[in-house]
Amino acid sequence: MTVTIQQDSTRTITVPPSARNTPPPRRRGRRPLLQFGHWWWALPAVLVVIGVHYVATLTGGFFAFTDWTGLGDWDFIGLDNFVRIFNDPQLLGSVWNTLFLAFGSVILTNVLGLLYALAINRMLKTRYLLRTLLFMPVVLSPLAVAYVWKFIFQFDGPLNGFLGLIGLEEFQKVWLADPTWSIWAILITVVWQQTGFVMVIYLAGLASVPIEVEEAAALDGAGLWGRFRHVVVPAIRPSIAIATTLGIIQGLRIFDQILALTGGGPAGATETLATQVYKQAFSLGQFGFGSALALVLTLIILVFAIFQQYITRDRSVGKV
């Protein structure tokens, strides 16, 4: 160690190792059995996920090519179950109902959720109370929410009572027994419950938008729509991707609300792939055919999730 005393002279001082601040060299030996960050800590959870989810999914995918009834022997029948699916008009109607509920719920929940988030983000003093009230339906059981709305949609329920009160008796209907309006009743129920969850996602995204940038854009002459399009939307693009992806996946799997409200009726007008899987496998005992329907539903979810991720990806990443 060298210490400078004057401009042209130096003095060398030897510092013993015990007085130095440098840590002593590590001794090479056996590493401790428990060490933070080791991957094998997660091994039990990984094995459970593989066993419960992936092995079960692969097993169900295999039985989709059989005629297994859930008991006894089975025969390998190839693609016969899938040919039956695409040749059955009622099953094709279930596919269209599934897509209608999925995309209808995604569009409505994202539009309403974003409007709620923009409205209560900074402007209202009661925004914390409103956030709680709007998010409350999310924590309720889907079955409980469905039974509440089933009471509302009854012919002698509050909805028809309100229409009669304001003089619109001609619009009173048996909503859940009407083949045209029953699917819309399910959509309204789903949107009412899931909008609060989407709102929270957008509130998290809006929190990352600096207010100074919005003020600078306003000073430059940008209007309300211009600030939203060129400042807010690019900043919340990850939130849009998350909300739409989760919405599509959840929309394609709607089951509880349909089972509680209509049971798939009237005359199959509200049947979806999820309800058909349940009925074919557990009510009719056709586990092979039900597995084929479940595999088709899984592939639809996978395709639309990948397509949605491609559409909402950040195209500025990787560009100089």
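Located above this text is the structure these notes cover.
Residues numbered from 1 in each chain as written. Predicted model: local features only at pLDDT ≥ 70, side-chain atom pairs only at ≥ 80, totals over all residues. Heavy atoms only, no water.

Colleague: Where do I start with the overall build of the protein in this structure?
Modeller: For the protein, the count of helices and strands is 13 helices and 2 strands. Put simply, the protein has 320 residues, and 33% of those count as buried. For the protein, the exposed surface amounts to about 20,800 Å²; the carbon and sulfur share of it is 67%. (Helix = DSSP H or I, 4+ residues; strand = E, 2+ residues; numbered from the N terminus. Buried < 20%, exposed > 50% of the residue type's maximum accessible area, 1.4 Å probe, protein only. Areas by Shrake-Rupley, 256 points an atom, 1.4 Å probe, with all protein chains shown as cover.)

Colleague: How do you make sense of the side chain of Asn-160 when you look at a structure like this?
Modeller: By the element assignment, Asn-160 lies in helix H6 (residues 158–165). Taking relative accessible area as the criterion, Asn-160 reaches 1% and is therefore assigned buried. Here the side chain of Asn-160 touches Phe-155 through a polar contact of 3.0 Å, landing on its backbone oxygen. Within polar-contact distance, the side chain of Asn-160 engages the side chain of Trp-175 at 3.0 Å. Filtering out sequence-adjacent residues up to four positions away, Asn-160 remains in contact with Gln-154, Phe-155, Gln-172, Lys-173 and Trp-175. (Polar contact = N/O pair within 3.5 Å; in protein donor to acceptor, adjacent residues only side chain to side chain. Contact = heavy atoms within 4.5 Å.)

Colleague: Can you help me understand the packing of aromatic side chains in this one?
Modeller: Centre distance and the angle of the planes are the two values used to describe a pair of aromatic rings. Tallied over the full model, the rule gives 16 aromatic pairs. Between Phe-63 and Trp-68, the ring centres sit 4.5 Å apart and the planes meet at 25°, which makes this aromatic pair stacked. Arg-84 extends its terminal NZ or CZ atom over the ring of Phe-289, reaching a point 3.8 Å from the ring centre. (Phe/Tyr/Trp six-rings, centres within 6.5 Å; stacked < 30°, edge-to-face > 60°. Lys NZ or Arg CZ within 6 Å of the ring centre and 35° of its normal.)

Colleague: Honestly, the pattern of salt bridges in this entry has me stumped. Any pointers?
Modeller: Proximity of charged atoms lets side chains of opposite charge pair with each other. In total, this model carries 1 salt bridge according to the counting rule given. With a shortest N-O distance of 2.4 Å, Glu-271 and Lys-279 are connected by a salt bridge. Residue Glu-271 is classed as buried on the basis of its relative accessible area, which comes to 4%. With relative accessibility at 25%, the residue Lys-279 sits in the partly exposed group. (Salt bridge = Lys/Arg side-chain N within 4 Å of Asp/Glu carboxyl O.)

Colleague: Hey, could you run me through the packing of helix H12 (residues 273–283) against helix H13 (residues 287–311) in this one?
Modeller: Two quantities define a packed helix pair, namely the angle between the axes and the distance from one axis to the other. H13 packs onto H12 with a crossing angle of 160° between their chain directions and a minimal axis gap of 7 Å. The angle between the axes of H12 and H13 places the two elements in the roughly antiparallel class. Like other packed secondary-structure pairs, H12 and H13 cross with a definite hand, here left-handed. For the pair H12 and H13, contact is made by Leu-273, Ala-274, Gln-276, Val-277, Gln-280, Ala-281 and Phe-282 and by Phe-287, Phe-289, Gly-290, Leu-293, Ala-294, Val-296, Leu-297 and Ile-300, respectively. Its residues placed into classes, the contact of H12 with H13 shows 12 nonpolar, 3 polar and no charged. (Axes fitted to C-alpha atoms, helices over the stretch in contact; angles between N-to-C directions. Parallel < 35°, antiparallel > 145°, perpendicular 65-115°, else oblique. Left-handed = near helix turned anticlockwise from the far one by under 90°. Nonpolar A, V, L, I, M, F, W, Y, C, P; charged D, E, K, R; others polar.)

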